[in-house]
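Residues per chain, in single letters:
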Amino acid sequence: MKPQRLLGAVCVSLLLSLQAVVPQVQIIRQPPPSGEEAGSATWRNPYADPVQVRESGRVDLSGRISVGGKGGRDQSGDTLYDFTTDSMVTLMQPLGGEALLSFDAAALRVQSAVKEDQKYDGSLALDLERFQLKTSGGFSQSLSTAEDLSTEDSDARFSAAVSSGLLETMPMSLEYQSVWVNRQDEGIETESSRSDELGFKTVGTIGTLGVDLRGNLDYENDREEMTESLATAGKLTVSVPVQEQLAVLVNLNPLYNRSETESSDLRSTSMESGLGINWAPREFFDTTLKASRVDAWSSGEGIDYEDYQNSWRSGVGLNYLPPEGWFAGPEYTFTKAEGGNLSHDLLVLLGWHGREELTEISGNSSSSFIRSENGDRVKDTIDWQLKAALMPTERMNLDGEYQGGYIWQVEGETWNQELEVDFHHSPDPGLSYRSSAALSSIREEDEPAQWEQQYAAGLSVKPLINFIEYRVDASETVDVSSDSTGDDILSSALMKVAFPLNQALSGRVGFQWEWINRVSIDGDPGNYYHYTTGLSLAGKGAPVSLTADYGIAHGYRGLRQDISSGVKVPLRGGYSLNGDFTLSSYEEDDEDKLYWVFSLNLVYDF
């Protein structure tokens, strides 16, 4: 693309509109769905509002049941058909006062001649004044038999969370989650794993003592890779007040890790114990001085390890965190292992936040410098971030963020940087425009830098003519990226117009132009054009709801035509009949492809 043409496309984009989501443009042609993918549920959100249910004191039961099927032909010419059931139910039961019991469950089943998919999800929640319990779980399974190959994929999950305020000065929470994954080909396991996470937290006071108690457990078992790991971590910090503004801190941090493979077994235990002083001379301001000792023990088989290690750690930190205005939080920590490395760790936080035009401007950095006992450089890590958020007017937002990182180690050094800027302004309910830019790069030693730039701009206009609202949406995106074979430039402009024809009928048209500087590694530039048009029938004056769309595209992706339509016929008693039809004709590998599918569902809402 000539520079003038690229610049012109970007400038024109600033006057165009952007929809809620900028379309992703892919260089390689993608065929339409084959119909063989696992079906996805169309479950609705629960109808009831918990606050309204509490106030009314009445039981609220709602749900949806859908039964139907679809049939058609995939791009290979094979016949497609399946039978689908989709259902969901939600129950909210007031228990008196502020107490509320809620339950929801959903189920989806899709069955065809060569495949069977099923998915089940559910949750149960109990909400009392000082006690909350929520559990949820799900199971999905996909069975497939095609071309003399049978596969079975299954996933299961369970989670539970408890929050308690029964002890007013010591609120606590407990969370648990477990996930199972299983994959089989011809009855032989190709993947089988399980992971569990458990977390506990309570922060409060017991008499005059401040207590912070936390615990975590992570467990993973991969039977295919023959690995198993268990990690536990605890934290106990007790604050003992000495004076009104001075307190002594006592902390214990135990750790336990176990890692087993087919050829090795390693177990390690460590305990960090320390003392500190916290001084808070004024509100929102405090400083902490602390020192601790870490003892670690290890044992194992088939792997090198040290039986015992110990290190000393000291640090100082300062926090000034008011709800508005300037804030800061520097912290420095020094760690030295006996007979081993030493490290310097520095955290820096500085910024300002408010509630007017400048809502936040801040920067933070974390760095770690590790040296050997002889003073040799072992590893350096530096991360930084700058952030700004502005609201010049009530309907104008400007956000920017820059972050980067640097790592040095014996193998080499690595730099990475990312920059994002977003702007949005809606001076009138019928007018809004936005723009954004994103740049990222990564560079490793003795390797060429890799980078990517993305630019987008748009405008949305909803003019009101004779009390009738029209809508114009358009956008422009430009993506520039580096590759080992050269640079790629992709530009895509999109415009859509929606207009009413009468109270029940509306129309829409769309156009997309895509330009790429090369269609293959050594190829020439290419253009792609896509035109769409459609009609919708809906509203009180229409006996049914109907949509119909037609699209035609040509260019370096090849010729393509798409037809889609949908109809919803409301029946009595909460029933409705939904039908959809899709047909696509396109070129792929110099061959003509035809894909079509028709679906029909009977839906009952209650």
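Look up a bit, the structure's there.
This one's a predicted model, so the numbers in the text were calculated from it and none came from an experiment.

Novice: It is not clear to me how the overall build of the chain should be interpreted in this structure. Could you clarify?
Specialist: Along the chain, the regular secondary structure elements total two helices and 33 strands. Taken along the three principal axes of its C-alpha coordinates, the chain extends 75 × 65 × 60 Å. Residue burial in the chain is summarised as follows: out of 606 residues, 28% are buried. Working note: accessible area of the chain is about 36,400 Å², and carbon and sulfur atoms make up 56% of it. With 47 positive and 93 negative side-chain charges, the chain shows a spacing of 7 Å between the two charge centroids.

Novice: Would you explain the environment of Gly404 in this entry?
Specialist: The residue Gly404 is located in strand 20 (residues 396–409) in this model. Overall, the relative accessible area of 7% leaves Gly404 in the buried class. Note: C-alpha distance between Gly404 and Val238 (166 residues apart in sequence) is 36 Å.

Novice: Is there a simple way to explain the pairing of strand 16 (residues 331–337) in this structure?
Specialist: Walk down a regular strand and you will see the side chains alternate between the two sheet faces. Of the strand pairs in this sheet, strand 14 (residues 308–320) and strand 16 are connected by seven bridges, and their pairing is antiparallel. Bridge pairing links Val316 to Tyr332 in strand 16. Two elements, strand 16 and strand 17 (residues 342–353), share six bridges in a ladder whose sense is antiparallel. Paired with Lys336 across the two strands is Leu342, which belongs to strand 17.

Novice: Mind showing me how you'd approach a nonpolar patch on the surface here?
Specialist: A grouping of Leu571, Tyr575, Leu577, Leu594, Trp596, Phe598, Leu600 and Leu602 is seen on the molecular surface, where their side chains present a nonpolar patch of about 660 Å² in accessible area. At the level of secondary structure, the elements contributing two or more residues to the nonpolar patch comprise strand 32 (575–588) and strand 33 (591–605). The element best represented in the nonpolar patch is strand 33, accounting for five residues. On the secondary structure map, Leu594 appears in strand 33.

Novice: Honestly, the pattern of salt bridges in this entry has me stumped. Any pointers?
Specialist: Within the structure shown, the criterion is met by 27 salt bridges. One salt bridge in this structure joins Asp212 and Lys235, with 4.0 Å as the shortest N-O distance. Of the two residues, Asp212 sits in strand 9 (residues 209–222) while Lys235 sits in strand 10 (residues 227–241), which places them 23 residues apart along the sequence. Taking relative accessible area as the criterion, Asp212 reaches 14% and is therefore assigned buried. For Asp380, the salt bridge identified is with Arg377, shortest N-O distance 2.6 Å.

Novice: Help me out: how do you make sense of unusual backbone geometry in this one?
Specialist: Note: most peptide bonds trans; most residues except glycine with negative phi. A positive phi angle, close to 60°, is found at Met226, a residue other than glycine. When you line up the elements, Met226 lands in the loop between strand 9 and strand 10. A positive phi angle, near 65°, is found at Asp446, a position not held by glycine. Of note, Asp446 is situated in the loop between strand 22 (431–444) and strand 23 (450–461). Given the relative accessible area of 75%, Asp446 is considered exposed.

Novice: Can you help me understand the environment of Ala548 in this one?
Specialist: With respect to the secondary-structure elements, Ala548 resides in strand 30 (residues 545–555). A relative accessible area of 34% places Ala548 in the partly exposed class. Along the chain, Ala548 and Thr533 lie 15 residues apart, while their C-alpha atoms are 8.5 Å from each other. Ignoring any residue separated from it by four or fewer positions in sequence, one finds Ala548 in contact with Arg508, Thr533, Gly534, Leu535, Ser564 and Ser565.

Conventions used here
- Residues numbered from 1 in each chain as written.
- Predicted model: local features only at pLDDT ≥ 70, side-chain atom pairs only at ≥ 80, totals over all residues.
- Heavy atoms only, no water.
- Helix = DSSP H or I, 4+ residues; strand = E, 2+ residues; numbered from the N terminus.
- Buried < 20%, exposed > 50% of the residue type's maximum accessible area, 1.4 Å probe, protein only.
- Areas by Shrake-Rupley, 256 points an atom, 1.4 Å probe, with all protein chains shown as cover.
- Lys, Arg positive; Asp, Glu negative; His and termini not counted.
- Charge placed at Lys NZ, Arg CZ, Asp CG, Glu CD.
- Pairing = 2+ DSSP bridges.
- Patch = residues over 30% accessible without salt bridge, like charges linked within 9 Å, V, L, I, M, F, W, Y side chains within 5 Å.
- Salt bridge = Lys/Arg side-chain N within 4 Å of Asp/Glu carboxyl O.
- Contact = heavy atoms within 4.5 Å.

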